[in-house]
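So you can see what is in the structure, the chains are spelled out below.
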Amino acid sequence: MNRILIVCLLILYFPFQGKGQEFQDILESEVQENMPGILFTILSEDGRISWSGAAGVSEKGSGEQLKVKQTFRIASVTKTFVAASILRLMEMDSLQLEDLLSEHISPEHNKILSEDYSMDQITIRQVLRHSAGFFDHTHAPEFFDTILSNPKHEWTRTEQLQLGVEKGDPIGSPGDQFSYSDTGYILLGEIIEKYTQKDLDEGIKYLLRLEDLGLSRTDFERKDPVTDSLRIHQYFQGMDTYGFSPTLDYYGGGGLLSTTNELVYFFKALFQNQIFEKPETLGIMLEPASYETKASMDYQMGMYRVQIKGMMAYTHTGFWGTQVLYIPERKLFMAANYSSVWRGSAVAPVFSKVLEAL
């Protein structure tokens, strides 16, 4: 290797190496009394930037130090995996996006939903985009009343669908509006199970080839004892939710455990066309949607667009404090998990601080 090449490599390498402590300081600054811990990973498309860190504790009571490889409930970030899985089923000709949802779910669930919804009008594309008009069952007061009074209650998909029909009205006509709904995504989870003949954990792994990507710690809760054992405590309004049954958010709207490192690598694989068989499928996933009334989120299929430091980014967040982000302009992938939900912005504060440091 000639001397000029060595110098060039050193110039590229060592300036970033010096950022490691600066990144760690940023994480430490995010930890407060009501924010016990944070996990973070950043990766550039070319691999020149690659760093993971942790700050704070994994549990308030024990004070045990938070570790980079620990897992957490990613909640709605699961929707990105579910949407990608449905698009893989499309590639395999198991379904088409303009198919009626009713053609692909059980007669029992069709009957429940038919009490409130025009099932002869709702398509899979609309469900992926949250434009089917489904009331979100998690918005029913009874949902959180049950969780708070009996955190270990074992929910079923059917029970959640029934709750949504009984306690809420349709948001509007299919395709006319955006309205975020876990209810739609638990139905997409059912479709994955139907066509793979596997549970949702195995079905998603099969369709997206997660194990081939080396994602060994991305599992549905209760599926891998090691992944479960690494799970941190996550807090909501000061309340430790560690003992809450995972079934409250388990059937496609959420359910996965992961690490910030593996979430970043999944997004990288997705945007570098390592998930889909056809490059145009990613284009379908990212195709913008528009409605007569401006949507509250710029949502596509399993992800949405936000602005950060004047740049567009693709992202998804999870209820307990997770966010994954890809900034095409900077070719950067980032993931963070706060042990409690941050407030006041659509983008986790740590991302802007890291970009400023870069």
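See the structure printed just above.
My aim in this report is to walk through the structure given alongside it, one point at a time. (Residues numbered from 1 in each chain as written. Predicted model: local features only at pLDDT ≥ 70, side-chain atom pairs only at ≥ 80, totals over all residues. Heavy atoms only, no water.)

**Digging into the side chain of Ser-179**
Consideration 1: Here Ser-179 shows up in the loop between helix 7 (157–167) and helix 8 (182–196).
Consideration 2: Setting aside residues up to four positions removed in sequence, Ser-179 forms contacts with His-130 and Ile-171. (Helix = DSSP H or I, 4+ residues; strand = E, 2+ residues; numbered from the N terminus. Contact = heavy atoms within 4.5 Å.)

**Description of a nonpolar patch on the surface**
Consideration 1: A surface patch of nonpolar side chains, amounting to about 330 Å² of accessible area, comprises Phe-144, Leu-148, Met-239 and Phe-319.
Consideration 2: Inspection of the secondary structure puts Leu-148 in helix 6 (residues 141–149).
Consideration 3: The exposure class of Leu-148 is exposed, given its relative accessible area of 51%. (Patch = residues over 30% accessible without salt bridge, like charges linked within 9 Å, V, L, I, M, F, W, Y side chains within 5 Å. Areas by Shrake-Rupley, 256 points an atom, 1.4 Å probe, with all protein chains shown as cover. Salt bridge = Lys/Arg side-chain N within 4 Å of Asp/Glu carboxyl O. Buried < 20%, exposed > 50% of the residue type's maximum accessible area, 1.4 Å probe, protein only.)

**Considerations on the pairing of strand 1 (residues 37–44)**
Consideration 1: For strand 1, the buried fraction is high: 8 of the 8 residues fall into the buried class.
Consideration 2: Bridge count for strand 1 against strand 2 (residues 50–56) is 7 bridges, and the pairing is antiparallel. The partner of Leu-39 across the bridge, within strand 2, is Ala-54.
Consideration 3: Linkage of strand 1 to strand 2, two consecutive antiparallel strands, is achieved through a turn of 5 residues, within which Gly-47 is found at a positive phi near 85°.
Consideration 4: Pairing between strand 1 and strand 12 (residues 332–338): 7 bridges, direction antiparallel. (Pairing = 2+ DSSP bridges.)

**Section: the side chain of Glu-30**
Consideration 1: Its place among the elements puts Glu-30 in helix 2 (residues 19–30).
Consideration 2: Under the relative-accessibility criterion, Glu-30 is labelled buried at 6%.
Consideration 3: Ignoring any residue separated from it by four or fewer positions in sequence, one finds Glu-30 in contact with Met-35, Ile-38, Tyr-338, Pro-349, Val-350 and Lys-353.

**Quick word on the pattern of salt bridges**
Side chains bearing opposite charge may pair, as long as their charged atoms lie close to each other.
Consideration 1: Enumeration according to the criterion identifies 20 salt bridges in this entry.
Consideration 2: Shared partners join several salt bridges into a network, and the residues in it are Arg-73, Glu-221 and Arg-231.

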